[in-house]
Amino acid sequence: MNVLNFINAFFSDSAHWKGYDGIPTRLWEHVWYSLLALAIAAGIGLPVGLWTGHTGRGGNALAFIATAARALPSFGLLVLMFVVLGLGLLPVMIPLVVLAIPPILVTTYEAVRSVDPSPVDAARGMGMQESRVLLQVELPVALPLILSGLRSAAIQIVSTATIAAYVSLGGLGRYIVDGLYQRNYEKVVGGATLVAVMALVTLGLFWAVHRIAVSPGVRRSN
C-alpha cells in the first residue's frame, strides 16, 4: 500500500473523526500547544529583540544565546524536563519555547538594526521619546522581518509539537507515536500529513498577516 492509499484510508475512516482520539480533538490540542509556546516565546523574544536592536547593545550576547539554544536537541531537552518535572504541559513547553526564541530574538534585533537611521535621527531631533521612536518609527519599517522571524518560529513549533505525545499528552503526534507502537502505518502517515498541512496553513496565515499589517510602502521597499 503506497502513501496515498494510507492517507485515503486514514481520512476516510469515520472512527478518526470522533471521540477523544478524533482528528478535531487532536488538531485542537496541537493548535493549543503551538499557540501557547509561540505566545511565550514571542513574549520573551520580541521585547528583548526590539530594545537591544533599538539601543544597539547586546548583539554579541544575543548571537551567543541563539547559537546555544539552537544547539539544544528538543527531544533530549524534553526527556530531561520530564525526568526533572514529571508529567504535564511544562516539560513540553520548555523545549518548544527554547526552540522558538532564537529566530524571534535574532530576527527582531536585526530588523530594528537594519532600519534607515535618517528618520530615526529626525524623530529624535523632534524630541520624541525613545519608546516612541522605537514603536512609531522603527517598528513599522522592521515589521516585515519581525514577522518572518515569528513565521519561522511558528513553523518550527508546529513541526516539533509532536513530541508532546512522548510524555503522554495529546496533539497530532499522538497518531505518529501510537501508530509506530501499534505498527499502524496508516495512522503514522495520517498524523504526519496533518502536521504538514498545519504547517502550510501556518504559512498562509502569516502571509495574510503580512498583507494586512505591513503598510504598502514598506512592502514595496522590501
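A quick note: this is a predicted structure, and the numbers were derived from the prediction, not measured.

For the structure on display, the rule yields three aromatic pairs. Both rings, one in Phe10 and one in Phe11, keep their centres 5.1 Å apart while their planes meet at 90 degrees; by these two values the pair is edge-to-face. Ring geometry for Phe10 and Tyr175: centres 5.3 Å apart, planes at 80 degrees, overall edge-to-face. Here Phe10, found in helix α1 (residues 3-12), pairs with Tyr175, found in helix α8 (residues 173-182); they are 165 residues apart in sequence, far enough to count as distant. Taking relative accessible area as the criterion, Phe10 reaches 0% and is therefore assigned buried. The class for Tyr175 is buried, based on a relative accessible area of 1%.

Glancing now at the confidence of the model for the chain. Mean pLDDT over the chain: 88, with 96% of residues reaching 70 or higher. Within the chain, helix α10 (residues 216-221) has the poorest average pLDDT of any element, 60, and helix α2 (residues 23-55) the best, 94.

Next up on the list: the nonpolar core. Of all hydrophobic cores here, the largest spans 41 residues; its most connected members are Leu38, Val92, Leu96, Ile104 and Leu150. Among the secondary structure elements, those contributing two or more residues to this core are α2, α5 (90-113), α6 (117-125) and α7 (130-160). Those residues within four positions of Leu38 in sequence are excluded, and the remaining contacts are Ile104, Leu150, Ala153, Ala154, Ile157 and Phe206. Core analysis: the next-biggest nonpolar cluster, separate from the first, contains nine residues, Phe10, Ile23, Leu172 and Val195 among them.

Describing two packed helices takes the angle between their axes plus the distance from one axis to the other. α5 packs onto helix α4 (residues 74-85) with a crossing angle of 145 degrees between their chain directions and a minimal axis gap of 8 Å. Seen along the crossing, α4 lies across α5 with a hand that is right-handed. Here α4 contributes Ser74, Leu77, Leu78, Met81, Phe82 and Leu85 to the contact with α5, which in turn contributes Leu90, Pro91, Val92, Ile94, Pro95, Val98 and Leu99. Its residues placed into classes, the contact of α4 with α5 shows twelve nonpolar, one polar and no charged.

The rules behind these values
- Residues numbered from 1 in each chain as written.
- Predicted model: local features only at pLDDT ≥ 70, side-chain atom pairs only at ≥ 80, totals over all residues.
- Heavy atoms only, no water.
- Phe/Tyr/Trp six-rings, centres within 6.5 Å; stacked < 30°, edge-to-face > 60°.
- Helix = DSSP H or I, 4+ residues; strand = E, 2+ residues; numbered from the N terminus.
- Buried < 20%, exposed > 50% of the residue type's maximum accessible area, 1.4 Å probe, protein only.
- pLDDT = per-residue confidence, 0-100.
- Core = buried A, V, L, I, M, F, W, Y, C linked by side-chain atoms within 4.5 Å.
- Contact = heavy atoms within 4.5 Å.
- Axes fitted to C-alpha atoms, helices over the stretch in contact; angles between N-to-C directions.
- Left-handed = near helix turned anticlockwise from the far one by under 90°.
- Nonpolar A, V, L, I, M, F, W, Y, C, P; charged D, E, K, R; others polar.

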